[in-house]
Amino acid sequence: MSTLLSDGGAVLTRQLQKARHAPALLVLTQTMPITMLLFFGYVFGSALAMPGAEYREFLVPGLLAATAAGGLMTGMFTAAQDAHRGVTDRFRTLPMSRAAVPLGQTAADLLTTAAGTIPLMLVGLAMGWRVESGWAGALGAFGVLLLFRFAMAWVGTYLGLISASEEAAGQLGSATFVLPLLSSAYLPTAGMPSWLRAVAEWNPISAVATAVRELCGNAGAEAAAGAAWPAAHPVAGSVAWSLALLLVFVPLATRRFARGRG
Amino acid sequence: MTTTYAVLSEGLEKNYGEVHALRGLDLAVPEGTVCGLLGPNGAGKTTAVRILTTLTGPTAGRARVAGHDVTREPAAVRRAIGVTGQYASVDGDLTGRENLRLFARLAGLRGRAGRARTEELLERFGLTEVAGRVTATWSGGTRRRLDLAAGLITRPRVLFLDEPTTGLDPAAREQIWAAVRTLADEGATVLLTTQYLEEADRLADDIVVIDGGRAIATGTPAGLKARIGSRAEVTVDAAEALPRAAAVLDRLTGGRPALDEERRTVGVTVSDAGLTLPGIVRALDAAGVPVTDASLRQPTLDEVFLRLTGTAPATPVTPTAQAAQATQATQATRKEHAA
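In what follows, the accompanying structure is described.

## Regarding the sheet that holds strand β1 (residues 5–16) of chain B
Residues and elements named next belong to chain B.
Phase 1 of the analysis: Pairing is antiparallel across the open sheet formed by 4 strands, whose spatial order is β2-β1-β4-β5. Pairing within the sheet leaves two strands with one partner each, and these edge strands are β2 (19–30) and β5 (68–69).
Phase 2 of the analysis: Across 9 bridges, the pairing between β1 and β2 is antiparallel. In the strand pairing of β2, Tyr 16 is matched with Val 19.
Phase 3 of the analysis: Each of β1, β2 and β4 (60–65) is contacted by helix α1 (residues 45–52), which is oriented at about 65° to β2, the strand it contacts most.

## Re the interface of chain A and chain B
Phase 1 of the analysis: Counting residues at the interface gives 26 residues for chain A and 27 residues for chain B.
Phase 2 of the analysis: Buried surface at the junction of chain A and chain B, both sides included, amounts to about 2,400 Å², of which 53% is carbon and sulfur.
Phase 3 of the analysis: Scanning the region where chain A abuts chain B turns up 6 salt bridges.
Phase 4 of the analysis: For the interface between chain A and chain B, the tally reads 12 residue pairs in polar contact (both at pLDDT 80 or more).
Phase 5 of the analysis: If you list the elements that add at least two residues to the side of chain A that touches chain B, you get α1 (2–21) and α5 (87–92) of chain A.
Phase 6 of the analysis: Ranked by residues supplied to the side of chain A that touches chain B, first place goes to α1 of chain A with 11 residues.
Phase 7 of the analysis: Of the residues assigned to the side of chain A that touches chain B, the class counts are 7 nonpolar, 9 polar and 10 charged.

## Focus: the pairing of strand β7 (residues 158–162) of chain B
All names here are of chain B.
Phase 1 of the analysis: Counting buried residues along β7, 5 of its 5 residues qualify, which places the element largely inside the surrounding structure.
Phase 2 of the analysis: What you see with β7 is no split at all: Val 158, Phe 160 and Asp 162 on one side and Leu 159 and Leu 161 on the other are buried throughout.
Phase 3 of the analysis: Taken together, the 4 bridges between strand β6 (residues 81–84) and β7 define a ladder with parallel strand orientation. Looking across to β7, one finds that Ile 81 is bridged to Val 158.

## Quick word on the pairing of strand β10 (residues 214–219) of chain B
Phase 1 of the analysis: The sheet contact formed by strand β9 (residues 206–211) of chain B and β10 of chain B spans 5 bridges and is antiparallel. Within β10 of chain B, the residue paired with Ile 207 of chain B across the bridge is Gly 219 of chain B.

## Notes on the environment of Pro 30 of chain B
All names here are of chain B.
Phase 1 of the analysis: In this structure, Pro 30 sits in strand β2.
Phase 2 of the analysis: Spatially, the C-alpha atoms of Pro 30 and Asp 211 are 22 Å apart, while their sequence positions differ by 181 residues.
Phase 3 of the analysis: Excluding anything up to four places from it in sequence, Pro 30 contacts Thr 3, Thr 4, Tyr 5, Ala 6 and Thr 189.

## Points about the packing of aromatic side chains
Phase 1 of the analysis: Scanning the entire structure with this criterion turns up 8 aromatic pairs over all chains.
Phase 2 of the analysis: Taken together, a centroid distance of 6.4 Å and an interplanar angle of 85° make the contact between Phe 150 of chain A and Trp 154 of chain A edge-to-face. A residue pair is termed a helical-turn pair when its members lie 3 or 4 positions apart in one helix, as Phe 150 of chain A and Trp 154 of chain A do in helix α7 (residues 134–162) at 4 residues.
Phase 3 of the analysis: An aromatic cluster of three or more residues is present, and its members are Phe 39, Phe 40, Phe 44 and Tyr 186 of chain A.
Phase 4 of the analysis: The cationic tip of Arg 90 of chain A hangs over the ring face of Phe 103 of chain B; the distance from NZ or CZ to the ring centre is 5.3 Å.

## Let's talk about the sheet that holds β10 of chain B
Residues and elements named next belong to chain B.
Phase 1 of the analysis: The strand order across the open sheet built from 6 strands is β6-β7-β8-β3-β9-β10, with neighbouring strands paired in mixed fashion. Because the sheet does not close on itself, it has two edges, and the strands there are β6 and β10. For this sheet, the mean angle separating the axes of adjacent strands, direction not counted, is 15°.
Phase 2 of the analysis: Here 5 bridges tie strand β3 (residues 34–38) to strand β8 (residues 189–194), and the two strands are oriented parallel to one another. In the strand pairing of β8, Leu 38 is matched with Thr 194.
Phase 3 of the analysis: Helix-sheet contacts for helix α8 (residues 221–228) involve β9 and β10, and the interaxial angle to β10 is about 100°.

## Quick word on a nonpolar patch on the surface
All names here are of chain A.
Phase 1 of the analysis: Judged by side-chain polarity, Phe 177, Val 178, Leu 179, Leu 181, Leu 182, Trp 195 and Val 199 come together as a nonpolar surface patch covering roughly 640 Å² of accessible area.
Phase 2 of the analysis: Residue assignment for the nonpolar patch shows that the elements contributing at least two residues are α9 (178–181) and α10 (194–202).
Phase 3 of the analysis: Counting through the fold element by element, Val 178 comes out in helix α9.

## As for the layout of surface pockets
Residues and elements named next belong to chain A.
Phase 1 of the analysis: Its boundaries defined by the atoms lining it, the largest pocket holds a volume of some 1,400 Å³.
Phase 2 of the analysis: Taken together, 48 residues line the largest pocket, and the ones lying closest to its centre are Thr 29, Gly 70, Met 73, Thr 74 and Arg 149.
Phase 3 of the analysis: Secondary-structure elements contributing two or more residues to the lining of the largest pocket are α1, α2 (23–44), α3 (52–69), α4 (71–84), α6 (100–126), α7 and α9.
Phase 4 of the analysis: Of the residues that constitute the lining of the largest pocket, the class distribution is 25 nonpolar, 17 polar and 6 charged.

## Quick word on the pattern of salt bridges
Phase 1 of the analysis: Applying the stated criterion across every chain, the model contains 22 salt bridges over all chains.
Phase 2 of the analysis: Across the pair Asp 93 of chain B and Lys 18 of chain A runs a salt bridge whose closest N-O atoms are separated by 3.2 Å. Separated into two different chains, Asp 93 of chain B in the loop between β6 and α3 (96–106) and Lys 18 of chain A in helix α1 make up a pair that spans both.
Phase 3 of the analysis: Residue Lys 18 of chain A is classed as buried on the basis of its relative accessible area of 11%.
Phase 4 of the analysis: Members of the salt-bridge network, linked through shared partners, are Arg 14, Lys 18 and Asp 82 of chain A together with Asp 91 and Asp 93 of chain B.

The rules we used
Residues numbered from 1 in each chain as written. Chains lettered and ligands numbered in written order. Predicted model: local features only at pLDDT ≥ 70, side-chain atom pairs only at ≥ 80, totals over all residues. Heavy atoms only, no water. Pairing = 2+ DSSP bridges. Helix = DSSP H or I, 4+ residues; strand = E, 2+ residues; numbered from the N terminus. Contact = heavy atoms within 4.5 Å. Axes fitted to C-alpha atoms, helices over the stretch in contact; angles between N-to-C directions. Buried area = accessible area lost by both parts, 1.4 Å probe. Salt bridge = Lys/Arg side-chain N within 4 Å of Asp/Glu carboxyl O. Polar contact = N/O pair within 3.5 Å; in protein donor to acceptor, adjacent residues only side chain to side chain. Nonpolar A, V, L, I, M, F, W, Y, C, P; charged D, E, K, R; others polar. Buried < 20%, exposed > 50% of the residue type's maximum accessible area, 1.4 Å probe, protein only. Phe/Tyr/Trp six-rings, centres within 6.5 Å; stacked < 30°, edge-to-face > 60°. Lys NZ or Arg CZ within 6 Å of the ring centre and 35° of its normal. Patch = residues over 30% accessible without salt bridge, like charges linked within 9 Å, V, L, I, M, F, W, Y side chains within 5 Å. Areas by Shrake-Rupley, 256 points an atom, 1.4 Å probe, with all protein chains shown as cover. 1 Å grid on protein atoms, 1.4 Å probe; cavity = no way out; pocket = protein on both sides within 12 Å on 5 of 7 lines; lining within 4 Å. Points joined across faces, edges and corners; volume = space filled by probe spheres on them.

The following block contains the structure:
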């Protein structure tokens, strides 16, 4: 266990050093959600039936959830890059803990995300979004978001490890941008056709977005009658989703890392 | 005195679906020697190294590295080995120093011990000046030296080098060769794979020629050459004299002389070690063959390979003499591990 933490710490340091050497990439990934927030909030928001200010209050939690889901993409890129550039094999020949690399990488991702969420929230506040429920609610929302980010990073790590090439991981990773579109992150599900609404209500991103709305006391937190369980119980739903994903993908990714590519 | 083997494998097999990468590879590398695993692309060299370094398991067969079974005691094997991959497996997004510090930490060298080992290796491989720069900006040869340094972080008893100079220019290749020679002189056991005959000839005490997933010949570079025989080549002053020269060489060697009309030469393989160059020249002179040039030389490893496998191996870029600049390798104290 102490080797796991110490080796994981070494890998975490490595990830932060990498970020420091490529500040442009870090700035790009951190400002992307802000750009999207402004774009959706003022371009889409101006054309919706919902008043713009109300939509922006609805949108900020959705974008926070979509950004947390981005852990999937980051996890995939990170794992695929190491796997296909021989770095993973170098690690695997060292007398180190087998789980340390995925753990260190997902933990580093968690740290940079936590730091990146703050400017996103500040822009949200500037756009009129408010935390109506005080510090406890804000901290709860922050926790739900980070737990989901951590889970998605593990899913991504597994997918990156099994990817056929860096390019394949890149393409699949870019395709994950549709996941928030099939959720209540950007738009309410009420107007969707029933089959699509079922997909959206079971989408963990919906649960996380709604949980943040509920914890912050924002519009759009109340579920429609007959909504699926995660949509009706967003906080419990998000935590359950995140834990379930971790339960499945932590062992999968760790075993895959230990077993290698054959 | 019994020989201790640093690497020992019996009947190693590895299948990837329908592809048989290894078909029963036996290896025995005595401690403190350099073994060259020589073969063309796809011969199974990299697969063998991946099994021996615990990166993948064999489909059948057994292997022991530094006294430990690779499938049953992989952790013990990892503590005893250093690996330098076919492609530089350092992190391109980190500086050289950060890379070594990372691998040192992961190998259990924390704090001051890791810093000291890092600086020692940077110095040894002449990397101190570039150590603060991100390695993606380095030249291929410099990166490969860092990769070699990373493989040495644990002071390994057995070092695996998978095609350590593939894709390098002659100067960089000489630097890697010098570094490997120094390691071998210090007593490390080295198993290196290569498709360059010159590399195996220069570095290895023993060569295992592998093709199609199994060893087809084993021996010292000189021993392998002796098995194939020497090569006699005679140049005459007129093309008309070629058949007569060929007849004499045929009588002397029983080989089948090959005629080259354009260069006016006759070449033949000589397996009789008692046959000397003066003997050949005297016989030709007695037959009235107007000889202008004659040679009897050891076969190159290319010829060895051609004879053993029927295919020509990949040829390396020949390093130029002035490129033969050796890496300044400082003496490093080696901590001997008890077996």
